[in-house]
Amino acid sequence: MDVEKKDVDNPWITGGALGSKDAVLVFRTCVLSQHHTSTSEVDLVDTGSPSTSSECVAGVESLPLLDPPPAKPEMKKSLGKQLVVNKLRVQLVSSISDPSISRRNGSDSSGTGSDMEKEMEFKSISDSETHANEDSGSDSVQKSPRKMEKSQSDVIVPKDKSEMPGAVLNVRYRFMNTETRLLRKILGGHGLKEAEEDETFNLLWTGIHLKPDILRNLLPYQRVNHFPRASKYVFHHITKGFFSLFNPFRSSELTRKDRLYKNIEKMQHLRGGSKNFDIVPESYLLPTEYRDLVSAHNKYRGPWIVKPAASSRGRGIYIVNSLDKIPSDEQLVVAKYISDPLCIDGHKCDVRLYVAVTSFDPLLIYVYEEGLVRLATVKYNRSSEFLWNSCMHLCNYSINKYHSDYIKSRDAGDEDVGHKWTLSALLRHLKSQGCDTEQLMLNIEDVIIKAIFSCAQSIVAACRMFVPNNNNCFELYGFDILIDDTLKPWLLEVNLSPSLGIDTPLDAKVKASLLTDLLNMVGIPAISPLLKAAYDSKYVKHRSFHGRRANSADFIQGSHTLPKKHQHHTLTSLTTEELRIVRSAKAQFARRSGFIRIFPTEDSLAKYGLYMDPVCAMIIPHNFNVMLHGQLYPADSAEGESGIAERMQQYERALETSQPLNLGNKMYQPKSTDEARRLRKQIRKLIENGSEMSQMQARKAFQMYLECILRRVSTESKQCHEKLILKFIQRSGVNFKTPFFIRNPFSHKILSKDRSALVAKQLGDYLEVYNKETEALSDSFDPYGSIPNRLFSDFLCQAQESDLEAILTIHTNATQQMPFLYNRCAPGAPAAPPIPVGAHGFLKALPNMAPIGVSQESHKIDQYYKSIEARSPEKEIQNGKRLPEKTFSFNTMKRKTTTK
């Protein structure tokens, strides 16, 4: 029986029969829909006549066949579920017992050797070509991305997740140093469960780079969302025939701003000057290049944008016109500021694109069809008087969301309303304005490809050393692109772990589709527990180095055309490893869903062949990029204009979902004032009788208190409270500096709501660090003499700002300790300061609770707020020197957008 046809009726499996080597899970956003219909066995599984030999059943102990009981009326509902699971498991046993599948999985003892392995790889490639490219004979033309899937509305989602193939096959995932609620919801909706400490995982999603030991022991069915950290090695050839490694310098070559700029600068020097790699603004790394910066400033009088070398979400970024405001002894990246950006209705914008790299050797780059366009809240003004305003010059959502004028879209279908648009909405808008959106997207693709090329060599070397299988690792990057008023794209930065948070229905639609399509393209193997156990016990990690890796430049002649003898290799002339690479690339392309492959394409070797030199021809004696290009785009195929047109249509079309997504958002019940007062009295009585809050309880109460202040500051402006918050953060936060608007000579012109947003951003950053420290604590029991956890949890559920402030004040005055800031056992913890009586007394004492920082910085904050008290909006309005502030609205933005 044809493997591909066995699961044609199973919408949750593709690539092969359930449990076979080639089968992968299918992920769909419909599992997040608000309304799920019941599942019928016909819609979920194929009704074949599988073999049920006792030998096969014994090999899958965790998946016993279920004998259906008599069909009594009261058992009809449960029987339907049982039959579905039974047929899934019978199908799994059938796939294991099928001789053809066993042979392809390597379990057939007869006919071993490299010839048989190559023959099986050849057959697999031929099969994949037949199914993936039945129209054109190759995968050069990108068809509809939803071709591989049934319509979302036609798929019936089982109510019982144990019926899903992921649950039947015991597929496990693990999170490490990260928490993505959306991804957890998607995986759980497909029957996957989190792996225990002693269980092996199928998918590892981590927020940090993994240690080499973990990477070296990855099995073929395991997937990790990061490649090994790129390393800069110095190779020295030793006469005995081996290489030694000296001075390893580990860094994120693409995602650290300083390393990204240096890698691109290196490519500019090696590959034809800056005209070929003019993708980032002119940049300088401090403190080493401070003199060069001074020379450039004498020629180009600013403005300059200053960024910390390793930061994210707009932290520590400011814009200056003179160098005296830039510290020369800190690690900073100073870049020429693009002062003529593309503006939508007068608001500066940038684009967040999601780029997936599934392999670095050969290089496979995909861009997701939908991105997010982020607009600054305050209208753009290039005057030097407004350089301090981050809500005007920076488009980061983490900054602008605190502004009172920030508008969020209320519906997933509103893609061009408010301060966050989709990429497709922007392209359609620019096209309606007569802009060449096709050339814009081609230029953006060029920026992405060249940026990845600049660091690919070191990552390839790390992969060859640490990653045992080509398909183990993948990467999802967040590329931030700024478009200027000439429609030239500039690369701002690359994010290693782009935010997958959900704040609006538009976020949910884009990011849920992004994650499901990424999992589909990467391919989470749906192998049987029997094969999984065989891999766990017998797999020997081996990577062949067949063939010589040629220099790509050898194939570039004259007008960048390839000699005919190198344009195409027959499958029979490829090595086993090359066959696997070709087969994997074709399978990924067939499962790409909403991803668009931008490298390789039909003309990629002619455009970028000069940049594909190997790290060291003697260490990596092959060129998989040239080989793969010849297989995907033979001489008789032509993508040409039709391929570009297909990509443009995919970029410009709106992303559709069949049903509204239900992400299980918490239903916030209204708080009861009477209940909060009752619980507060109980806790107050316990404190007066000698009980104390544990460190965890104190930190949770303080965290909620700061969150209440954050909400209040971002909605209403109070200068006295802002000053207290800034002084507290400046004293207690080691890595927090005084906001730049405090030091700017023009900041007295700042609007109160703009200033409040910048202060709220500072408090939000502090809260993030504080919450991570709290999560690292362990306090699951009630210490002796402490307030009962159950009582305190009930209080936190009902407490408001005044309740939290009252309890924190009472506890601090009674114990003279501050467990929310200091460990009781830590030496040198200061005594609590006296807390004033009255409203906001705890907030007024807050700066004195933190250790005294740099007095000069605190003095600057006091001096700044004293200077603006005389220029308060109320006084200026009364004196006729200022008009009342107008609240900007985006209600008409959808129809009245203009391009600068």
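If you're wondering where the values come from, they're calculated on a predicted model, not measured in any experiment.

Visitor: Describe the environment of Ile-459, listing the residues and the values that go with them.
Guide: Tracing the chain through its elements places Ile-459 in helix α15 (residues 437-466). The class of Ile-459 is buried, set by a relative accessible area of 6%. Taking the C-alpha atoms as reference points, Ile-459 and Leu-254, 205 residues apart in sequence, are found 9.7 Å from one another.

Visitor: Go over empty space enclosed by the protein, please, and point to the residues and values.
Guide: What the rule picks out here adds up to 9 cavities of 30 Å³ or more. Approximately 270 Å³ is the volume attributed to the largest cavity. Together, 22 residues line the largest cavity, and Ile-305, Lys-307, Asp-350, Leu-394 and Leu-492 are the ones closest to its centre. Broken down by secondary-structure element, the contributors of at least two residues to the lining of the largest cavity are β10 (304-308), β12 (332-336), β14 (347-360), β18 (475-483) and β19 (489-495). Looking at the lining of the largest cavity, the element that brings in the most residues is β19, giving 3 residues.

Visitor: Could you give me a rundown of the packing of helix α24 (residues 695-715) against helix α27 (residues 752-775), with the residues and numbers involved?
Guide: At their nearest, the axes of α24 and α27 sit 10 Å apart, and the two run at 165° to each other. Taken together, the axes of α24 and α27 lie roughly antiparallel to each other. Of the two possible hands of crossing, α24 and α27 adopt the one that is left-handed. Contact with α24, carried on its side by Met-696, Arg-699, Phe-702, Gln-703, Leu-706, Glu-707, Ile-709, Leu-710, Val-713 and Ser-714, involves Ser-756, Val-759, Ala-760, Leu-763, Gly-764, Tyr-766, Leu-767, Tyr-770, Asn-771, Glu-773 and Thr-774 of α27 and no other residues of that element.

Visitor: Account for the sheet that holds strand β4 (residues 193-194), with residues named and values stated.
Guide: An order of β4-β3-β5-β6 is seen for the 4 strands of this open sheet, with the pairing classed as parallel. Of all the strands in the sheet, just β4 and β6 (223-224) have a single pairing partner and so form its edges. Direction of pairing for strand β3 (residues 172-176) relative to strand β5 (residues 203-206): parallel, over a ladder of 4 bridges. Note on β5: the bridge partner recorded for Phe-175 is Trp-205.

Scoring rules and cut-offs
- Residues numbered from 1 in each chain as written.
- Predicted model: local features only at pLDDT ≥ 70, side-chain atom pairs only at ≥ 80, totals over all residues.
- Heavy atoms only, no water.
- Helix = DSSP H or I, 4+ residues; strand = E, 2+ residues; numbered from the N terminus.
- Buried < 20%, exposed > 50% of the residue type's maximum accessible area, 1.4 Å probe, protein only.
- 1 Å grid on protein atoms, 1.4 Å probe; cavity = no way out; pocket = protein on both sides within 12 Å on 5 of 7 lines; lining within 4 Å.
- Points joined across faces, edges and corners; volume = space filled by probe spheres on them.
- Axes fitted to C-alpha atoms, helices over the stretch in contact; angles between N-to-C directions.
- Parallel < 35°, antiparallel > 145°, perpendicular 65-115°, else oblique.
- Left-handed = near helix turned anticlockwise from the far one by under 90°.
- Contact = heavy atoms within 4.5 Å.
- Pairing = 2+ DSSP bridges.

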